[in-house]
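Read off the chains here:
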Amino acid sequence: MVPDKILLHKKSRQLELTYGDQSYRLDAEYLRVVSPSAEVRGHGSDSGTLPSGKRYVSIDHIEAAGNYALKLLFDDGHDSGIYTWDYLHDLCVNEDKHWQEYLDALHEQGKSRDPDTQVVRLM
């Protein structure tokens, strides 16, 4: 589903997508950690890397990727994810589910949303 309007709000670090009369604002951190890139998702059978420490990441720039997607360029240098229209719509309507899965994975791996923070588990 192609959005009717796309706005990048740099100050609040959010991407706004409008579909008809429904509008969604997605945080840059969320978009960065669910990136469809090979780095995050993995290559084939190779598992990807769980991004951590991205709480303050911003989107520097957005570009059209043909007529089917957006390319988001983040201030941490990440620029390899191609966000298809269908994937972006899924991120909008299922944000709570995707975000909770990310938070659960961070907890399981002992990682933090905050940069330069190490989580130590005491047994």
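Everything below is about the structure printed above this text.
Just so we're clear, the structure is a prediction, and the values are computed from it rather than from any experiment. (Residues numbered from 1 in each chain as written. Predicted model: local features only at pLDDT ≥ 70, side-chain atom pairs only at ≥ 80, totals over all residues. Heavy atoms only, no water.)

S.K.: I would appreciate a short explanation of helix α4 (residues 95-109) in the present structure.
M.R.: For an α-helix the count is 3.6 residues per turn, leaving residues at separations of three or four pointing the same way. Over its 15 residues, α4 runs 21 Å from end to end, which matches the ideal 21 Å to within 8%, given 1.5 Å per residue. Here α4 has its buried residues at His 98, Tyr 102, Ala 105 and Leu 106. Down the axis of α4, the smallest arc covering the buried residues is 100°, so these residues share one side. Turned more than 90 degrees away from the buried face of α4 sit Asp 96, His 107 and Glu 108, all of them exposed. The inward-facing, buried residues of α4 contact α1 (28-33) and α3 (85-93). Two residues or fewer past α4, Gly 110 is found with a positive phi of approximately 65°. (Helix = DSSP H or I, 4+ residues; strand = E, 2+ residues; numbered from the N terminus. Expected span 1.5 Å × (residues − 1). Buried < 20%, exposed > 50% of the residue type's maximum accessible area, 1.4 Å probe, protein only. Arc of directions from axis to C-beta. Contact = heavy atoms within 4.5 Å.)

S.K.: I tried to follow the pattern of salt bridges on my own but got confused; where do I start?
M.R.: Oppositely charged side chains may form a pair once their charged atoms are brought near each other. Inspection of every chain in the model, using the stated rule, returns 6 salt bridges. The partner of Glu 101 in a salt bridge is Lys 97, and the shortest N-O contact between them spans 3.6 Å. You can see Glu 101 and its partner Lys 97 sitting in helix α4, 4 residues apart, about one turn around the helix. On the accessibility criterion, Glu 101 (44% relative accessible area) is partly exposed. On the accessibility criterion, Lys 97 (47% relative accessible area) is partly exposed. (Salt bridge = Lys/Arg side-chain N within 4 Å of Asp/Glu carboxyl O.)

S.K.: Mind showing me how you'd approach the sheet that holds strand β6 (residues 82-84) here?
M.R.: The strands that make up a sheet are held in pairs by hydrogen bonds between backbone atoms, and each pair lies either parallel or antiparallel. A sheet is described by the order of its strands in space; here 3 strands give the open sequence β4-β5-β6, paired in antiparallel fashion. Of all strands in the sheet, those with a lone pairing partner are β4 (59-65) and β6, marking the two edges. The average angle at which neighbouring strand axes cross in this sheet is 30°, direction not considered. Sheet analysis places strand β5 (residues 69-74) next to β6, joined by 3 bridges and oriented antiparallel. Bridge assignment links Ala 69 to a residue of β6, and that residue is Thr 84. Against the sheet, α3 makes contact with β5 and β6, and its axis sits at roughly 80° relative to β6, the strand it touches most. (Pairing = 2+ DSSP bridges. Axes fitted to C-alpha atoms, helices over the stretch in contact; angles between N-to-C directions.)

S.K.: Honestly, the pairing of strand β1 (residues 5-9) in this entry has me stumped. Any pointers?
M.R.: Along any regular strand, the residues point their side chains to alternate faces of the sheet. Pairing between β1 and strand β2 (residues 14-19): 5 bridges, direction antiparallel. Note that in β2 the partner of Leu 7 across the bridge is Glu 16. Linking β1 back to β2 in an antiparallel pair, the connection comprises 4 residues, with Arg 13 at a positive phi of about 60°.

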